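Residue-level listing of the chains:
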Amino acid sequence: MSSLVEDNPAERRFEILVDDALAGFTAYEARGEVLVFTRTEVDPRFQGKGVGTALVRGTLDQVRERGGAVVPQCRFMSAFIDRHPEYAALVVDEP
């Protein structure tokens, strides 16, 4: 199973493709360099396979590479960051 996480700015979301199929996304509102993540969804066919974790990890890695920051309003993303403190420095208060 191959996966790819990509930003889709037209849809305002990061998407994960698994074997070229859209498996899930995490939606955001852009406020300058800060992305406010509002929800994460994984297609039921891909749930329980680590796709959501791969999506959030890939998203946060890309935000870090860009020098951006996040506001994790989405419970899934917030819980991921709580479990992975290496991403805590990306979190800011809402702009």
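These remarks concern the structure in this document. (Residues numbered from 1 in each chain as written. Predicted model: local features only at pLDDT ≥ 70, side-chain atom pairs only at ≥ 80, totals over all residues. Heavy atoms only, no water.)

1. What about the overall build of the protein?
Now for step 1: Within the protein one finds 2 helices and 5 strands.
Now for step 2: Helices (α) and strands (β) of the protein occur, in sequence order from the N terminus, as β-β-β-β-α-β-α.
Now for step 3: Against the globule reference of 12 Å for 95 residues, the protein gives a C-alpha radius of gyration of 12 Å, in line with a compact fold.
Now for step 4: Dimensions of the protein, computed from C-alpha atoms along their principal axes, come out at roughly 35 × 30 × 20 Å. (Helix = DSSP H or I, 4+ residues; strand = E, 2+ residues; numbered from the N terminus. Rg over C-alpha atoms; globule rule 2.2 N^0.38 Å.)

2. Concerning the packing of helix 1 (residues 51-66) against helix 2 (residues 75-83)
Now for step 1: As a packed pair, helix 1 and helix 2 sit with axes 10 Å apart at the nearest point and diverge in direction by 75°. Regarding the angle of helix 1 to helix 2, the classification is roughly perpendicular. Contact with helix 1, carried on its side by Gly52, Thr53, Val56, Arg57, Thr59 and Leu60, involves Phe76, Met77, Phe80 and Ile81 of helix 2 and no other residues of that element.
Now for step 2: Looking at the contact of helix 1 with helix 2 residue by residue, the classes come out as 6 nonpolar, 3 polar and 1 charged. (Axes fitted to C-alpha atoms, helices over the stretch in contact; angles between N-to-C directions. Parallel < 35°, antiparallel > 145°, perpendicular 65-115°, else oblique. Contact = heavy atoms within 4.5 Å. Nonpolar A, V, L, I, M, F, W, Y, C, P; charged D, E, K, R; others polar.)

3. Some points on the packing of aromatic side chains
Now for step 1: Scanning all chains against the criterion turns up 4 aromatic pairs.
Now for step 2: Between the aromatic rings of Phe14 and Tyr28, the centroid separation amounts to 5.7 Å while the plane-to-plane angle is 50°, which identifies the pairing as tilted. Placement of the pair is Phe14 in strand 2 (residues 13-18) and Tyr28 in strand 3 (residues 21-31), with a sequence separation of 14 residues.
Now for step 3: You can call Phe14 buried: its relative accessible area is 0%.
Now for step 4: Assessed through its relative accessible area of 7%, Tyr28 is described here as buried.
Now for step 5: Ring centres 5.7 Å apart and planes at 45° place the aromatic pair Phe80 and Tyr87 in the tilted group.
Now for step 6: Here Phe80 falls in the buried class, since its relative accessible area comes to 0%.
Now for step 7: For the cation-ring pair, Arg13 lies above Phe25, with the distance from its terminal atom to the ring centre recorded as 4.4 Å. (Phe/Tyr/Trp six-rings, centres within 6.5 Å; stacked < 30°, edge-to-face > 60°. Buried < 20%, exposed > 50% of the residue type's maximum accessible area, 1.4 Å probe, protein only. Lys NZ or Arg CZ within 6 Å of the ring centre and 35° of its normal.)

4. Re the sheet that holds strand 4 (residues 34-42)
Now for step 1: Overall, mixed pairing links the 5 strands, which are arranged 1-2-3-4-5 in an open sheet. Looking at which strands have only one partner, the edges of the open sheet turn out to be strand 1 (3-8) and strand 5 (69-72). Direction aside, neighbouring strands of the sheet carry axes that sit 30° apart on average.
Now for step 2: In the sheet, strand 1 pairs with strand 2 via 6 bridges, with the strands oriented antiparallel. The partner of Glu6 across the bridge, within strand 2, is Glu15.
Now for step 3: Where helix 1 meets the sheet, its contacts fall on strand 1, strand 2, strand 3, strand 4 and strand 5, and the angle it forms with strand 2 comes to roughly 130°.
Now for step 4: Here helix 2 sits on the sheet in contact with strand 3, strand 4 and strand 5, set at roughly 115° to strand 5. (Pairing = 2+ DSSP bridges.)

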